[in-house]
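In case you want the letters, here they are:
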Amino acid sequence: MREWWSRLKGWLTGRGAISGDLAEEIQAHLEMDAADREERGLSPEEARRAAQRHFGNPVRVAEKARDTWGFPALESLLQDIRYALRAMRKTPALTLVIVLTLALGIGANTAIFSVLNTVVLKPLPYPAGERLVWLGESTGKANGISVTWVNYQNWLRGNHTLEHMAAFRGDHMTLTGGREALTLRGMAVTSHYFTMLGLRPVLGRFWTESDDRPGANPVIVLNHRFWAEKLGGDPGIAGKALTLDGQMYEVSGVAAPFWAPNTADYYVALGAREGSTTDRSKHGSIRALARLKPGVTLAESRADLDAIMTHLAEAEPGPENEHRSFGRFYAEQTTGEMRGTLMILMAAAVLVLLIACANVASLLLARNTARSGELAIRTAIGAGRGRLIRQLLTENLVLAVCGGMGGVLLAGWALRLLILTAPPGIPRIAEVTLDLPVLLFASAITLGTGLLAGLAPVFTAGRVDLTTALKDSVRSSGGKRRQALRSALVVAEIALTLVLAFGSGLLLRSLSAAQDANPGFDAGQITSLELLLPPATYADSQARENFYAALMERLRTIPGVTGVSAVHCPPGAGDCGDWFYSIPGRPAPARNEVPIALFNTAMPGYFETMRVPLRQGRAFTANDTRTGPKVAIVNETFARTWWPGESAVGRQIKVGGPYMEGPLFEIVGVVGDIRQSGLDSQPQPEIFQPFAQQTDGAMAVMVRAGGDPALVAPAIRARVAELDRNLPVQRLAPLTETLRDGLVRRRFITVLLGLFAALALTLAAVGIYGLLNYWVNVREPEIAIRLALGATPSRILGWTGAHALRLALAGIGLGCAASWMAARGLEDLVFGITAQNPVTLLAAGVAVTGTAIAATALPAWRASRVDAAKRLHSV
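Residues numbered from 1 in each chain as written. Predicted model: local features only at pLDDT ≥ 70, side-chain atom pairs only at ≥ 80, totals over all residues. Heavy atoms only, no water.

By the naming in an unreviewed UniProt entry, the protein goes by ABC transporter permease and is assigned to Paludibaculum fermentans. Regarding the protein, the UniProt comment filed under Sequence similarities (unreviewed entry) reads as follows: "Belongs to the ABC-4 integral membrane protein family." (UniProt positions renumbered as here; feature names shortened; annotations may be inferred.)

Given below as structure tokens:
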């Protein structure tokens, strides 16, 4: 320790004075030795020489002493860094290109990794979030369906593998009593929900088990954002009452801000609403959250819950004896949908980085070739191969560090843009930042990039032909091996660029196909009005029928309106409800094979207003009343599944499947398919029931106008207010806008991958240009000789272009093979075309070839303009 402290002190305080003392000590030692030898009879000259011989080389002794005072390895490193910085100053243009290239590659990777890290890799911000699981029920046909209240209670009491468990479901209520009525989106949860997620109240309290049972006074916990934005952050809100759906709720508290996958304005007690349920097969939309005990796997926990389900089936047989538990980790449930997409974007960013590395390696090879004379001189005066490699590695790492710093700055700017333009629904996107793990990642890829890009130049550094290098210096091509290596790097760049261009092309064509997809109806001039009738005001079916009948009449009086009707689940809304069914007369499927279809509710005139083609039978009419025969309309996919080539009209459907009680419906019509889950989705089997036989308070009213649908929006809003001024409008917008919003995530991903492809093309163009420009430089004497022997400029142009074309074709060949294999990874994102699409691959190849030709043009033209006489005279 003392030695290291001494070294550090000497290194920090400077060694000028110590070196002076050492020289005086050496000189004094020599003089004393010489004096002793003179006393023993030698002449002064002989004594001085003998003393010097005995002492040895003073310079060498002084160097050894200085090595013991400091840190020679560190000093050597600093010396190499200073040399690297001088080399960068000598070639500013080359340095700028290399640093920018690395910054683009590192910045793109850092930005995408920061999103991946926050959205997918980070644990959820809950206590022991890695052990949180999302639970539902499963059958052979469906996973993750809702868990019944009775099954949840049995899981809660009988499991041996879970620490905590809470049930929840979505909820909505209308808040009245203020200046305008508001529809609130909330959650009904059991009392353990807050504890399990580690929530705390900033005002008041959360409710307890005594509040979470039937008959308890209704209480509500407010979300912090809702409390701050809609209630003005009233500090005395706890204990006050709010009128929701006509009922008074006491505000028990306000939850502190926290992240949740679903936005909720409030939380109410689920047990107070469901606690009296005793039917084990009565499903709603309840799911469960639970935390595994330490050391318990998800499979073990599911087996534990399945054992409970088996016991219940034996003790209380019912239609759902085959139902079992379903579970997945909550992190996967909330962010799993984005995992594949982000991994694809991360792979694209890595490809860009590899292209940047190839570009930089090619430039460094060219620079080292130009420095072959300097390297030969350093070798001639004693520098070994290891010393040269260390020097070059240091230079490459200094460049990489500069590129890394630029990359982090670029990533910070890109992240701000990314967050601003990201579509809604990407979980935790607002939390993305350049935190410590991201900076460590950036440092790691900076180091890796420096080593990877500098690998080829370093390996060739020690193989310096002194004779050739000292004779030829800067015009040396560096030999066939280096030239081949540079060509291989450009071929690799072209291949990687083609992979990115192909992937980007697939997504671009998929987006175009989705935008042009036939939704199954005419969305033009349609305005969608979404309403949710409060159950307290519209408690029964007759009240809901009366309201919507009155609204239809009023909307038809608006000038310019040509059609009005309503549907429960509008196009693009996704799955608003699916259930089991069976076809009477057909063999009963196994319990786990009972089919599932989407169930929807439509009013008379809906298909006509939407211009959905009627394929068979009739549409709903006013005669399809609540007391009339049960009827249904199915879509083409449904009819084709069960009666291909036959008419489905007059057939029957049993709701609930063959193993449970359910009504029979007669099919009275078949309509065209509607893409319920968006333009980029495939039609699913769908069953429509008449509104009068399945009334619902949540309906989307479709208003078709003769002109611009936006012009009738104020009149529509006024008609609703005339009927019920306390009824809030959920959404009022042209239907085309709703459908377009469904593609926003696909559009966002396509733009990002397109940017990566454009970046790759730019880098590849720079690489091809640099290589060919250098190739022309070193071959100027050969070009001059060819011109002197009669070659025309056009022939030189063709010769140069052929060289570039060979490289481009080799790269495209490799890229085609790699793209074909990589296409399978994009299958989930491709729509309307096959992932292994030859037309898209051909288009990507043309784009890359065009880029290569553009990058080749200037060097090739310069080759054809070589002055043969002048060049030969200078040789």
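(A) Local environment of the state of the cysteines. Applying the stated criterion to the full structure yields one disulfide. Note on cysteine connectivity: Cys 569 is disulfide-linked to Cys 576, with sulfurs 2.1 Å apart. As the torsion about the S-S bond is roughly 65°, the Cys 569-Cys 576 disulfide counts as right-handed. With a relative accessible area of 37%, Cys 576 lands in the partly exposed category. (Disulfide = S-S within 2.5 Å. Buried < 20%, exposed > 50% of the residue type's maximum accessible area, 1.4 Å probe, protein only.)

(B) Layout of the nonpolar core. Judged by nonpolar contacts, the single largest core of 62 residues is most densely connected at Val 115, Leu 342, Leu 500 and Phe 756. Broken down by element, the residue count for this core peaks at twelve residues, all from helix 24 (residues 744–778). Residue contacts for Leu 500: discarding those within four places in its chain leaves Ala 348, Leu 351, Val 352, Ile 355, Phe 756, Ala 757 and Ala 760. In terms of nonpolar packing, the next biggest core, distinct from the first, is built from 36 residues, Met 165, Trp 227, Val 251 and Ile 308 among them. (Core = buried A, V, L, I, M, F, W, Y, C linked by side-chain atoms within 4.5 Å. Helix = DSSP H or I, 4+ residues; strand = E, 2+ residues; numbered from the N terminus. Contact = heavy atoms within 4.5 Å.)

(C) Expanded view of the packing of aromatic side chains. What the rule picks out here adds up to 21 aromatic pairs. Look at Phe 547 and Tyr 548: their rings are 5.2 Å apart centre to centre, the planes differ by 80°, and that puts the pair in the edge-to-face class. Exposure remark for Tyr 548: the relative accessible area of 0% places this residue in the buried category. Ring pairs connect the aromatic residues Phe 168, Tyr 193, Phe 194, Phe 206, Trp 207 and Tyr 267, which therefore count as one cluster. The side chain of Arg 428 reaches across the aromatic face of Trp 259, ending 5.7 Å from its centre. One residue, Arg 786, lies across the ring of Trp 799, its end atom 4.2 Å from the ring centre. (Phe/Tyr/Trp six-rings, centres within 6.5 Å; stacked < 30°, edge-to-face > 60°. Lys NZ or Arg CZ within 6 Å of the ring centre and 35° of its normal.)

(D) Region of the structure containing the side chain of Thr 601. With respect to the helices and strands, Thr 601 occurs in strand 15 (residues 596–602). Those residues in contact with Thr 601 that sit more than four places away from it in its chain are Ala 566, Val 567, His 568, Gln 689, Pro 690, Phe 691, Gln 694 and Met 699.

(E) Geometry of the UniProt feature "domain: ABC3 transporter permease C-terminal" (unreviewed entry) in the protein. Mapped onto this numbering, the UniProt entry gives "domain: ABC3 transporter permease C-terminal" (unreviewed entry) at residues 347–461 and 755–866. Helix makes up 80% of residues 755–866 and strand 0%. Its end C-alpha atoms lie 38 Å apart.

(F) Layout of unusual backbone geometry. Unusually for a residue other than glycine, Asp 245 sits at a positive phi of about 55°. Of note, Asp 245 is situated in the loop between strand 7 (241–244) and strand 8 (247–255). Positioned with a positive phi, Arg 428 is a non-glycine residue whose angle comes to about 65°. The class of Arg 428 is buried, set by a relative accessible area of 5%.

(G) Spotlight on the packing of helix 25 (residues 780–788) against helix 26 (residues 793–822). Across the interface, helix 25 lies against helix 26 with an axial gap of 10 Å and an inter-helix angle of 140°. Comparing the axis directions of helix 25 and helix 26 gives the class oblique. Crossing of helix 25 against helix 26: the hand is right-handed. Two secondary-structure elements touch here, helix 25 through Glu 782, Ile 783, Arg 786 and Leu 787 and helix 26 through Pro 793, Ile 796 and Trp 799. (Axes fitted to C-alpha atoms, helices over the stretch in contact; angles between N-to-C directions. Parallel < 35°, antiparallel > 145°, perpendicular 65-115°, else oblique. Left-handed = near helix turned anticlockwise from the far one by under 90°.)

(H) Fine view of the pattern of salt bridges. This model, assessed by the stated rule, comprises 27 salt bridges. Among the salt bridges present, the one from Lys 240 reaches Asp 234, with a minimum N-O distance of 2.7 Å. When its relative accessible area of 40% is taken as the criterion, Lys 240 is described as partly exposed. According to the relative accessible area criterion, Asp 234 is partly exposed, its value standing at 21%. (Salt bridge = Lys/Arg side-chain N within 4 Å of Asp/Glu carboxyl O.)

(I) Main features of helix 27 (residues 838–864). Between the first and last C-alpha of helix 27 there are 37 Å, a value that for 27 residues agrees with the 39 Å anticipated at 1.5 Å per step. Maximal helix bending in helix 27 amounts to about 35°, located at Ala 857; proline Pro 859 follows within four positions. Where helix 27 begins, the side chain of Asn 837 points an oxygen toward the backbone nitrogen of Val 839, at a separation of 3.2 Å. (Expected span 1.5 Å × (residues − 1). Bend = angle between axes of the 7 residues up to and from the residue. Polar contact = N/O pair within 3.5 Å; in protein donor to acceptor, adjacent residues only side chain to side chain.)

(J) Molecular detail of the UniProt feature "domain: MacB-like periplasmic core" (unreviewed entry) in the protein. Look at the UniProt record and you will see "domain: MacB-like periplasmic core" (unreviewed entry) annotated at residues 95–307 and 490–718. Taken end to end, residues 95–307 comprises 30% helix and 30% strand; its first and last C-alpha atoms sit 67 Å apart. Each end of residues 490–718 is marked by a C-alpha atom, and these two atoms are 66 Å apart; helix forms 27% of the span and strand 26%.

(K) Looking closely at a nonpolar patch on the surface. A cluster of nonpolar side chains, namely Val 350, Leu 354, Leu 452 and Leu 455, defines an oily patch on the protein surface of about 300 Å² accessible area. Tracing the chain through its elements places Leu 455 in helix 16 (residues 455–461). Of the residues examined, Leu 455 reaches a relative accessible area of 41% and is grouped as partly exposed. (Patch = residues over 30% accessible without salt bridge, like charges linked within 9 Å, V, L, I, M, F, W, Y side chains within 5 Å. Areas by Shrake-Rupley, 256 points an atom, 1.4 Å probe, with all protein chains shown as cover.)

(L) View of the side chain of Ser 510. Here Ser 510 is to be found in helix 18 (residues 479–516). Using a relative accessible area of 0% as the deciding quantity, one classes Ser 510 as buried. From its side chain, Ser 510 meets the backbone nitrogen of Phe 831 in a polar contact 3.0 Å long. When neighbours within four sequence positions are excluded, Ser 510 is seen to be in contact with Arg 746, Leu 829, Val 830, Phe 831 and Ile 833.

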